[in-house]
Amino acid sequence: TRYFVDQRKVRVVGGQGGGGGHSFHSEPRKVFGGPDGGNGGDGGHVIFKADQQMKSLASVFPFYQGFHGGRGGSKNCYGANGAHTYVKVPVGTLVKEDGRVVADLTQHGEEYIAAYGGAGGKGNRFFLSNENRAPKSFTPGEPGQDRLLHLELKTTAHAGLVGFPNAGKSSLLRAISQAKPAVAAYPFTTLNPHVGIVHYQDYEQVAVADIPGLIKGAHQNRGLGVAFLKHIERCRFLLYVLDLSGPQPWVQLQDLKWELEAYEKGLSERPCVVIGNKIDLAQSRINLPLLREQVAERVIALSARTGDNLEELLLHLRELYDTYVKAEQSQGQSPVKW
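Residues numbered from 1 in each chain as written. Predicted model: local features only at pLDDT ≥ 70, side-chain atom pairs only at ≥ 80, totals over all residues. Heavy atoms only, no water.

Keep this limit in mind: UniProt positions are given in the numbering used here, feature names are shortened, and annotations may be inferred rather than shown by experiment.
Named according to an unreviewed UniProt entry, the chain is MTG2 GTPase originating from Phainopepla nitens. Its UniProt record gives the chain the following Sequence similarities (unreviewed entry) comment, quoted word for word: "Belongs to the TRAFAC class OBG-HflX-like GTPase superfamily. OBG GTPase family."

1. Quick notes on the packing of aromatic side chains
Let me state the cut-off plainly: Note on aromatic pairs: the rings of Phe, Tyr and Trp (six-membered ring only in Trp) are paired at centre separations within 6.5 Å, and the planes decide the class, stacked below 30 degrees, edge-to-face beyond 60, tilted for the rest. Two conditions define a charge sitting above a ring: the NZ of Lys or the CZ of Arg must be within 6 Å of the ring centre, and it must be within 35 degrees of the ring normal.
Under the defined criterion, the tally for this structure stands at three aromatic pairs. Both rings, one in Phe126 and one in Phe127, keep their centres 5.3 Å apart while their planes meet at 90°; by these two values the pair is edge-to-face. Its guanidinium or amino end placed over the ring of Tyr86, Lys49 lies 5.9 Å from that ring's centre, counting from NZ or CZ. Just above the ring of Phe126 sits the side chain of Lys122; from NZ or CZ to the centre is 5.0 Å.

2. Points about the pairing of strand 11 (residues 205-210)
Consecutive side chains along a regular strand alternate between the two faces of the sheet. Quick reminder of the rule: Residue burial is assigned from relative accessible area. The probe radius is 1.4 Å, only protein chains are included, and a residue is buried under 20% of its type maximum, exposed over 50%, and partly exposed in between. Here a strand is any run of E in DSSP of at least two residues, a helix any run of H or I of at least four, and the numbering for each starts at the N terminus. Two strands pair under a simple rule: DSSP has to find at least two bridges between them.
Summarising burial for strand 11: five of the six residues are buried, a large majority. Note that strand 10 (residues 194-199) and strand 11 share six bridges and pair antiparallel. Across the sheet, the residue bridging to Val195 is Ala209, located in strand 11. Hairpin remark: strand 10 followed by strand 11, antiparallel, with five residues in the connecting loop; positive phi at Tyr203, about 70°.

This is how it looks when you write it as structure tokens:
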């Protein structure tokens, strides 16, 4: 079984530098050749590297150490530098130390040196001077940097499905993408964020994240709480999924926005669309015109179960994505691509 992990504590230690060499040159007819001990090699770094293929921190181990540098040799030969240790992490990984963010890996291939390797020691050749023609001194390599880091993953997706439990978010993600989140008739079926990819004919891909259902007081860590509210932070636009068959679905929207705003100011003001799900039920058809009267945003009524009106959602989703891409390019930034 593969588990979704979005937090990890990792101890990273850089490789130790190699010790300096201690030797004197000797060959026939050249007895006093002088010192020729080379310097030791530097220890290898531990480097976090964002990889788009990684979707969870489950494969990250709790301890990493860089390779040690080689010892300096005779004939002024330097020791080999230790190889760097690369740790692949998902795109959207935050690196924290003592509660302070030290790195934010948001682009594929982005790197962060988590622990520097120690410098190599000096061989006795380094200490040669006019005052000391036969130095016997040499230094050991320095130890690598030792740090305890906290990794935190915030799912990077273009759109986030936000709604209360059993609003039909997982069914909707199944209907518009190839993702297969669990669907069942009980609340909190989804316990981990799922990302589905919506494919268009021009080969553009829009990533949609199914965030586990929120409840009132989620910003105070009730229910699944802030453990999954943080995954909404990276979404560029939001899809509010409402259960049209319930009483007063517009109240659901007000509660959802209030929870988002209480968690992070300005989060509820991102570009969005309101999705009225379960339009195939009789009560939903009665509530739809009432919802449109109460809500200022665009409302798309559909049924994730039967597939009714999914085309309108897909077209509007592409409009939101194109707007996001143009906004990023106008600011000289590269939009997130899947």
